[in-house]
Amino acid sequence: MTVPHSRPHTLAQFARRARMSAQRLRVLHHERRLPPSDGVDPDAAEVWTTATIDRWLRATGRTVPDDAMWPFGWPDATEPAEVIWSGDIDLPRGHTAAVTIYDGAGQPVVYAVGYVGQDVSRDTIAEAAIARLDPDRRAGAVVVQPFLLDPDSDGPYPHLELWRMPEQPEPVPESTPEPARPALPAMLRRFLPEREREPLPVMPEPVVLGRRRRPGAPEYAGSVFAAEVARVLGRPVPLWWAGTTTPQIVRTVRLLAQDRPLPVPDTITAWPGVIARLAAALERSMHTAYPQAFAVLARETLAEHRNVTRALTHPTSGDGWYLAAAPQPPAWPAAAEQRAAVAAGRDLDPDAALDELDQLAEVEGNLPWMPDDPYGGALREAILFLRGRLAREHPGRVYTFPTVYSWPDAHGPIHDEYRRYLTPLTPADPHGDPQHPTRRLVRLLCEEASDAGIAHHRILDRARERLLGLYRDPEGRLVAHLAAGMPHLADELLIEWPTGMPPGGWTEQTVIAADDADSTVGLFALTPGPDGALLAPQPVPNPADEPRYTFGYSGNSPAVLYQALVRCALGDWTAAASESWVGRLAHDTDDRRGRPHSQLWQRITTSQGALRLSWADVQQWARDDQQAVSRRHRPASR
């Protein structure tokens, strides 16, 4: 039986494959009794793939073509398919995958699943699975791999991806012989030497977009329902939660050979980490020392318990499938659920929560960093939850914390002036030992990556390898000096950057300054003192948002710089959010869209080399833009 490509069919082609009249098919389409189309052709006409058509024909009891896609043209199994072989296959880079080979109506059906934590493509697994077959059994063989289930989805997705081998060996293209050279006339052969023939130029192979199959490898053929695979095999197929396909669990499921889930510990949802943080908070008396913070932590824990319970109580079997391994539902330690419920019922006291927020930030930052520290994680989660609850109504109290700003390729006169005011940290400083760092220092060196990400990607180890020095600025913020990652770049600075409004002391003589650079730059306020000498450069914040400053063109990062200057100038925490002003303003005076001209946006987008802006001008330009935006969107009077 020849297996066709799953190519697109128009409605007329659909009718021919289904052996029905086009008129009858149009009626069914109008009555919405055809399957949903798989796309449109260049003329915007709906098209259906071969697999979709064959699936519909079998599901509706109609005759399936002789060349139907697998498994639609195969007969129903009268008994469970025989297992030919089961075990692990070798993959590149020392990886492995679990494979079971069935005899499906005389044709090999290979069920394969990759192990968790291995970066191997499914195409590679399918090719290695086919290679496990004897050469004379490969033609027409198919490989199925289950979609891994996501705990955050609405339920199990009982589909498997399909690969197949052609039933006939692919013809090897014959090389075209070079045309014979015409012989020279005899009279010329005496005078003209016979030259060597120049080889014909080798034409490059045409570029193929999408998935390209190597010779001898299986072809990807889309997806099939588990019920369709089970019909051919005469047995249900196992599905897996993402994260449960470890070699130990797969081996146990294979040996037990039961069509029901194997109970396993929950390693796939957030619950183990969430309940560990709550338990650590209770053990350290967080519920009495910081009752407001514990209350928000308890609410999030209860919400996560509900979500995970709902995710892990989905059906464990269905039409043609069963879950191979089922994580245990979430459980509470003794008395934890009752204390969490009591705390979660407490109303938030904003004033008390703000006081706790200041204390928590200090305590959490000074804790020694340890991977998977549940108490440190509990404090950090509580801080983030409280900031999210309080930021809108109390931005001045919330945005007192710094964020981490990366200044790569840091060089230039502004950089040199900023470095003059940095004080090196000594080992006696609480944050001065990178080999035994605090959580605050790790947050700086790892650019606020999560604890799990730091451990998994070795971010801290790599940062320590590049670390050249640790410093404090005049305001006590930490600064790390890292060696450049590229030979043609200057070193990198990681800076605790402010997120609140600018401090007092900026005057009409203040200048907003940045060095010439091809990437993000440090943006500072330079203010001369009463004696004419420059005071310490002050980082320009982007109040209530992340800093990311570039200039000299119109783009996202220049829009962030614009937002920061407008918010600082107007004292408005929400002004120019998400490029809302930039889209209404123009950087030139003759804008074709009729947008008001912004001098501030023009200076940011057209400045070449170093950036220098008078703070007095920035304030005036920000007020002008505020009025222009207000006029442009003011409703017309009747």
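Residues numbered from 1 in each chain as written. Predicted model: local features only at pLDDT ≥ 70, side-chain atom pairs only at ≥ 80, totals over all residues. Heavy atoms only, no water.

Q: Explanation requested: the overall build of the protein chain in the structure shown.
A: Across its full length, the protein chain holds 21 helices and 23 strands. Relative to its 638 residues, the protein chain shows a buried fraction of 45%. (Helix = DSSP H or I, 4+ residues; strand = E, 2+ residues; numbered from the N terminus. Buried < 20%, exposed > 50% of the residue type's maximum accessible area, 1.4 Å probe, protein only.)

Q: Can you walk me through helix H1 (residues 11–18) in this structure?
A: Because each turn of an α-helix spans 3.6 residues, side chains separated by three or four positions end up pointing in the same direction. Within H1, burial applies to Phe14, Ala15, Arg17 and Ala18. End-on view of H1: buried residues confined to an arc of 165°, all on one side of the axis. Elements in contact with the buried residues of H1: strand E1 (8–9), helix H2 (22–30), strand E3 (46–49) and helix H3 (50–59). Downstream of H1 by a residue or two, Arg19 has a phi angle that is positive, lying close to 60°. (Arc of directions from axis to C-beta. Contact = heavy atoms within 4.5 Å.)

Q: Explain the layout of surface pockets to me, please; I cannot follow it from the model alone.
A: Once rolled over the atoms, a probe with the size of a water molecule shows which space is left empty. Considered as a void within the structure, the largest pocket measures approximately 860 Å³ in volume. In terms of lining, the largest pocket is formed by 37 residues, of which the most central are Thr400, Phe401, Pro402, Thr403 and Glu496. Listed by contribution, the elements that provide at least two residues to the lining of the largest pocket are helix H12 (350–366), helix H13 (374–390), helix H14 (395–398), strand E15 (403–407), helix H16 (439–445) and strand E22 (538–539). Tallying contributions element by element places H12 first for the lining of the largest pocket, with seven residues. (1 Å grid on protein atoms, 1.4 Å probe; cavity = no way out; pocket = protein on both sides within 12 Å on 5 of 7 lines; lining within 4 Å. Points joined across faces, edges and corners; volume = space filled by probe spheres on them.)

Q: It is not clear to me how the packing of H12 against H13 should be interpreted in this structure. Could you clarify?
A: Geometry of a packed helix pair, given as the angle between the helix axes and the separation of the axes. Packing of H12 against H13 leaves a shortest axis separation of 10 Å and a crossing angle of 140°. When the axes of H12 and H13 are compared, the crossing they make is left-handed. In this structure, H12 contributes Pro350, Ala353, Leu354, Leu357, Leu360, Ala361, Val363 and Glu364 to the contact, and H13 contributes Gly376, Leu379, Arg380, Ile383, Leu386, Arg387 and Leu390. When grouped by side-chain class, the residues that make up the contact of H12 with H13 number eleven nonpolar, one polar and three charged. (Axes fitted to C-alpha atoms, helices over the stretch in contact; angles between N-to-C directions. Left-handed = near helix turned anticlockwise from the far one by under 90°. Nonpolar A, V, L, I, M, F, W, Y, C, P; charged D, E, K, R; others polar.)

Q: Which parts of the structure should I look at to understand the pairing of E3?
A: Within a regular strand, side chains alternate between the sheet's two faces. Here two bridges tie E1 to E3, and the two strands are oriented antiparallel to one another. Bridged to Pro8 within E3 is Thr49. Sheet analysis places strand E2 (residues 39–40) next to E3, joined by two bridges and oriented antiparallel. Its bridge partner being in E3, Val40 is matched across the sheet by Glu46. (Pairing = 2+ DSSP bridges.)

Q: Is there a simple way to explain the sheet that holds strand E4 (residues 82–90) in this structure?
A: Strand pairing in a sheet relies on backbone hydrogen bonds, with the paired strands running either antiparallel or parallel. The six strands lie next to each other as E4-E5-E6-E7-E8-E9, forming an open sheet whose pairing is mixed. At either end of the open sheet lies a strand with only one pairing partner, and these are E4 and strand E9 (219–225). Across this sheet, the average inter-strand angle for adjacent strands is 25°, counted without regard to direction. As judged from the five bridges shared by strand E8 (residues 159–164) and E9, these two strands associate in the antiparallel manner. Among the inter-strand pairings, Glu161 is bridged to a residue of E9, identified as Ser223. Packed onto the sheet, helix H6 (residues 226–233) meets strand E5 (96–104), strand E6 (107–114), strand E7 (142–146), E8 and E9 and runs at close to 95° relative to E9.

Q: Whenever I open this one, the sheet that holds strand E23 (residues 611–614) confuses me. Can you help?
A: With antiparallel pairing, the four strands of this open sheet are ordered in space as E22-E21-E20-E23. Pairing within the sheet leaves two strands with one partner each, and these edge strands are E22 and E23. In this sheet, E22 lies alongside strand E21 (residues 524–526) in antiparallel orientation, the contact comprising two bridges. Residue pairing for E22: Ala525 is matched across the bridge by Gln538. Helix-sheet contacts for helix H15 (residues 413–420) involve strand E20 (511–514), E21 and E23, and the interaxial angle to E21 is about 80°.

Q: Is there a simple way to explain the packing of helix H8 (residues 271–283) against H13 in this structure?
A: Contact pair H8 / H13: the axes reach a minimum separation of 8 Å and the direction vectors enclose 95°. Relative to H13, the element H8 is oriented roughly perpendicular. Here Ala276, Arg277, Ala280 and Ala281 of H8 lie close against H13, whose contacting residues are Pro374, Tyr375, Gly377, Ala378 and Glu381. Classifying every residue of the contact of H8 with H13 gives six nonpolar, one polar and two charged. (Parallel < 35°, antiparallel > 145°, perpendicular 65-115°, else oblique.)

Q: Please clarify how unusual backbone geometry should be interpreted in this entry.
A: Apart from glycine, the bulk of residues carry a negative phi angle, and the bulk of peptide bonds sit in the trans form. Its identity is not glycine, yet Arg19 carries a phi of approximately 60°, on the positive side. Note that Arg19 resides in the loop between H1 and H2. Unlike most non-glycine residues, Glu448 shows phi in positive territory, near 65°. Along the chain, Glu448 falls in the loop between H16 and helix H17 (451–457).

Q: How do you make sense of the nonpolar core when you look at a structure like this?
A: A general trend in soluble globular proteins is that nonpolar side chains are found buried together. In this structure, Trp70, Trp240 and Met286 are the most contacted members of the largest nonpolar core, which totals 88 residues. Per-element accounting of this core gives the leading share, eight residues, to helix H10 (residues 291–312). When near neighbours in sequence (up to four residues on either side) are disregarded, Met286 contacts Ala281, Pro291, Ala293, Phe294, Leu297, Ala378, Leu379 and Ala382. One finds Trp407, Leu493, Ile512 and Val566 within the second-largest nonpolar core, a separate group that totals 48 residues. (Core = buried A, V, L, I, M, F, W, Y, C linked by side-chain atoms within 4.5 Å.)

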